[in-house]
Amino acid sequence: MQISVEKRGKISGGRFPLQVTMPEGATLGMLKGGISQLVPSLSVERQRLTDANKVALLDDSKTLTELGFGEQNVVTVKDLGPQISWRTVFLVEYAGPLFIHPFLYYVSPLFWSHFGRAFEHSFVQHIVLVLVMAHFAKREFESLFIHRFSNATMPAFNIIKNSTHYWLLSGILLGCGVYSPLLGAAAVKGTIRDNHLYIWSCVALWVFAEAMNFHSHVILMNLRPKGTRVRRIPYGGAFGLVSCPNYFFEVLAWLSITMMTLSLSSLVFLVVSAAQMTIWAIKKHKNYRKEFGNQYPRQRKIMYPFIF
């Protein structure tokens, strides 16, 4: 099978179009390997191939015949740039708040004392620290043992972009707000934020949301055999109501923290996170409907049960 490989954009090394010969039964992954041999700077992970109709070729395990290749073919390759594994990006972005929150918690009384605002941590501040640490420890665990990624890598720059959200918003912004004198013991005394029954009710909501979020991730993990890019319709748990219950329950978990703190910084983080996850959910919902058509349950909402 003869394949002519044209380039899209700038690619260093190699004379294009490349001429690659593939044996019968060759897979897309083998074709990428052949291209990489001819252009060493273009590793398999950096390649994005499209066919003559400009349709992206994504599943490396599929044979070229399954993808519609014949005797003579033309594909276009784009250099995606330096890559980094999805797992590494997740581990780094979630690690930020795990270091930032304890630091801000213990440093904030010392910092504010220099401005005449010495304070003692309140019960709700103790609880928030525990919940935030538990949340991101759970995310690290899921990144190591639960999540299965359809793509092994992403552009290396994403580690900066993704970490900015978590380190700045859920780390510095949230931490500076909830560990400030505005939520200290004296400031919340006599308010609902000092009511232990109210706080424990919010904690119960948080535990429920985190447990259901974890359950949703386990369902998604079991849909895809390890090392494959298999996609199936998820069933079970809250998937009977929405396409992306994992996002919904994460929003619910952060809502519980916002409710117990009544903090502006917590509210800002909640709104930004909910907006971003809603955008992701809309995209995933559309992809489910496009891929599975009439097989996909029509009654499912996108992310918010019975609403949207």
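One can find the structure itself at the top, above this paragraph.
Note that the structure is predicted; figures quoted are calculated from it, not measured. (Residues numbered from 1 in each chain as written. Predicted model: local features only at pLDDT ≥ 70, side-chain atom pairs only at ≥ 80, totals over all residues. Heavy atoms only, no water.)

Draft legend 1. Region of interest: the environment of Thr-76. Note on placement: Thr-76 falls in strand β5 (residues 72-79). Through-space distance from the C-alpha of Thr-76 to that of Ala-52 is 7.6 Å; in sequence the pair is 24 residues apart. Look past the residues within four positions of Thr-76 in its chain and what remains in contact with it is Glu-6, Lys-7, Arg-8, Arg-48, Leu-49 and Thr-50. (Helix = DSSP H or I, 4+ residues; strand = E, 2+ residues; numbered from the N terminus. Contact = heavy atoms within 4.5 Å.)

Draft legend 2. Representation of the packing of aromatic side chains within the structure. According to the stated counting rule, one finds 23 aromatic pairs in the structure shown. Pairing Tyr-94 with Tyr-166 gives two aromatic rings, centres 5.2 Å apart and planes at 85°, and the pair type is edge-to-face. Of this pair, Tyr-94 sits in helix α2 (residues 86-113) while Tyr-166 sits in helix α4 (residues 158-178), and the two are 72 residues apart along the sequence. Note on Tyr-94: relative accessible area 1%, which makes it buried. Judged by its relative accessible area of 12%, Tyr-166 falls in the buried class. Clustering of aromatic rings is evident, with ring pairs tying together Trp-86, Phe-90, Tyr-94, Phe-136, Phe-149, Tyr-166, Trp-254 and Phe-269. The ring of Trp-112 carries the charged tip of Arg-117 above its face, separated from the ring centre by 5.8 Å. (Phe/Tyr/Trp six-rings, centres within 6.5 Å; stacked < 30°, edge-to-face > 60°. Buried < 20%, exposed > 50% of the residue type's maximum accessible area, 1.4 Å probe, protein only. Lys NZ or Arg CZ within 6 Å of the ring centre and 35° of its normal.)

Draft legend 3. Representation of the packing of helix α3 (residues 123-145) against helix α7 (residues 245-261). Direction vectors running N to C along α3 and α7 enclose 165°, while the axes themselves pass 10 Å from each other. Comparing their axes, α7 and α3 come out roughly antiparallel. The element α3 and its partner α7 pack so that their crossing is left-handed. Counting all contacts with α3, which are made through Val-124, Ile-127, Val-128, Leu-131, Val-132, His-135, Phe-136 and Arg-139, the residues of α7 involved are Glu-250, Trp-254, Ile-257, Met-260 and Thr-261. Partitioned by chemical class, the residues of the contact of α3 with α7 number nine nonpolar, two polar and two charged. (Axes fitted to C-alpha atoms, helices over the stretch in contact; angles between N-to-C directions. Parallel < 35°, antiparallel > 145°, perpendicular 65-115°, else oblique. Left-handed = near helix turned anticlockwise from the far one by under 90°. Nonpolar A, V, L, I, M, F, W, Y, C, P; charged D, E, K, R; others polar.)

Draft legend 4. Just the pairing of strand β3 (residues 47-50), in detail. Examined bridge by bridge, β3 and strand β4 (residues 56-57) share two bridges and lie antiparallel to one another. Within β4, the residue paired with Leu-49 across the bridge is Leu-57. Hairpin connection, β3 to β4: the antiparallel pair is bridged by five residues, and Lys-54 has positive phi, about 65°. (Pairing = 2+ DSSP bridges.)

Draft legend 5. Here's a closer look at a nonpolar patch on the surface. A cluster of nonpolar side chains, Leu-173, Leu-264, Leu-267, Val-268, Val-271 and Val-272, forms an exposed patch at the surface whose accessible area comes to about 480 Å². For the nonpolar patch, the leading source of residues is helix α8 (residues 264-292), giving five residues. Checked against the element boundaries, Val-268 lands in helix α8. Judged by relative accessible area, which is 35%, Val-268 ranks as partly exposed. (Patch = residues over 30% accessible without salt bridge, like charges linked within 9 Å, V, L, I, M, F, W, Y side chains within 5 Å. Areas by Shrake-Rupley, 256 points an atom, 1.4 Å probe, with all protein chains shown as cover. Salt bridge = Lys/Arg side-chain N within 4 Å of Asp/Glu carboxyl O.)

Draft legend 6. How the structure looks around the environment of Glu-45. Examined against the element boundaries, Glu-45 turns out to sit in the loop between α1 (28-38) and β3. Overall, the relative accessible area of 41% leaves Glu-45 in the partly exposed class. With residues up to four places along the chain from it excluded, the contact list for Glu-45 reads Leu-80, Gln-83 and Thr-153.

Functional significance is not addressed by these values, which are geometric in nature.
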